[in-house]
Amino acid sequence: MIKEWANDIKCKTKHMNREETADYVITYYWHHILLAVLFLGFVTLTVYHVCWGGKKQAAFSFVIINQNVDFARDKEIADAFSKASGIKGSQIVVDSDYLISYGQVRLEGINESHYEKFFFNWSAKEIDAMLMPESFYRYCKTQSGTFEELDVADHTPSEHLFWDNGACSGVYSKGTSLGQYFEDNEKDPYVLVFPAEPKHPAACREFLNYALAHGISKSKNKR
């Protein structure tokens, strides 16, 4: 369409000087120019929104693998951690929209893009902490995933700790404050783990301390 306009203008103004051509274009093509400017502005705003405008400036991001997708529960976790840590709730992202098939675990009726979303966000350092089945932890390691070694063995009951090759790589969710929010699987228990070199290490320590302090104190009181 733009090419047709250009050819039409060129044909009709070939005997005009520069000033006459400008007057002709403004007089007869002003609405075309306006539409083009509006369209360009719309495209620019759309690209900005998709690439930058829609992203939250998160101070901490926690993702939940293969549990029920429950945004009300996710918000409850974010609010509880915000209250315990002092981090603004609007800067805490808790997302359970990660239903992933892997290895021998095949889930029906899921969006296969969740798999790509998870590993893309991990590689982009958009994930600070993860709750996942132990089998998925093992699977991630086969995909070159690396995890932080936790320095909590001295002050955490051994039954809450998840060990991997002699290193404490996580804590079982059942013994933390997170256990109250999720269904556990005795054959494939859920573990709270952290990717190696997270973007927000201080917030990760706060979250681990929150999970352990609240969870362990509650389990002790029940005994």
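What you see is a predicted model; the values in this text were computed from it and never measured.

Rules of the game
Residues numbered from 1 in each chain as written. Predicted model: local features only at pLDDT ≥ 70, side-chain atom pairs only at ≥ 80, totals over all residues. Heavy atoms only, no water. Helix = DSSP H or I, 4+ residues; strand = E, 2+ residues; numbered from the N terminus. Buried < 20%, exposed > 50% of the residue type's maximum accessible area, 1.4 Å probe, protein only. Contact = heavy atoms within 4.5 Å. Areas by Shrake-Rupley, 256 points an atom, 1.4 Å probe, with all protein chains shown as cover. Pairing = 2+ DSSP bridges. Axes fitted to C-alpha atoms, helices over the stretch in contact; angles between N-to-C directions. Salt bridge = Lys/Arg side-chain N within 4 Å of Asp/Glu carboxyl O.

Q: Sorry, what's going on with the overall build of the protein here?
A: Scanning the protein for helices and strands turns up six helices and six strands. N-terminal to C-terminal, the α/β element order of the protein is α-α-β-α-β-α-β-α-β-β-β-α. When the 223 residues of the protein are sorted by exposure, 40% land in the buried category. Within the protein, contacts between residues at least 6 apart in sequence are counted, and of these 62% link residues at least 24 apart. Of the roughly 14,100 Å² of accessible surface on the protein, a fraction of 56% belongs to carbon and sulfur atoms.

Q: Whenever I open this one, the sheet that holds strand β5 (residues 167–172) confuses me. Can you help?
A: Backbone-to-backbone hydrogen bonds pair the strands of a sheet. The strands run either parallel or antiparallel. Spatially, the six strands line up as an open sheet ordered β2-β1-β3-β6-β5-β4, and their pairing is mixed. Every other strand in the sheet has two partners, leaving β2 (92–98) and β4 (161–164) as the edge strands with one partner each. Geometrically, the sheet is characterised by an average inter-axis angle of 30° between neighbouring strands, direction not taken into account. Sheet analysis places strand β1 (residues 60–65) next to β2, joined by five bridges and oriented parallel. By the bridge assignment for β2, Ile 65 is matched with Tyr 98. Sitting on the sheet, helix α5 (residues 134–142) is in contact with β1, β3 (129–133), β4, β5 and β6 (190–193), with an inclination near 110° to β3.

Q: Help me understand the pattern of salt bridges, please; the structure alone is not making it clear to me.
A: Close approach of charged atoms lets side chains of opposite charge pair. Here the structure, examined in full by the defined rule, presents seven salt bridges. Here Asp 95 and Lys 117 are joined by a salt bridge, their closest N and O atoms 3.7 Å apart. Remark: Lys 117 occurs in helix α4 (residues 113–123) and Asp 95 occurs in strand β2; sequence separation between them is 22 residues. Residue Asp 95 is classed as buried on the basis of its relative accessible area of 17%. Of the residues examined, Lys 117 reaches a relative accessible area of 26% and is grouped as partly exposed. The residue Arg 138 makes a salt bridge to Glu 134 at a minimum N-O spacing of 3.2 Å.

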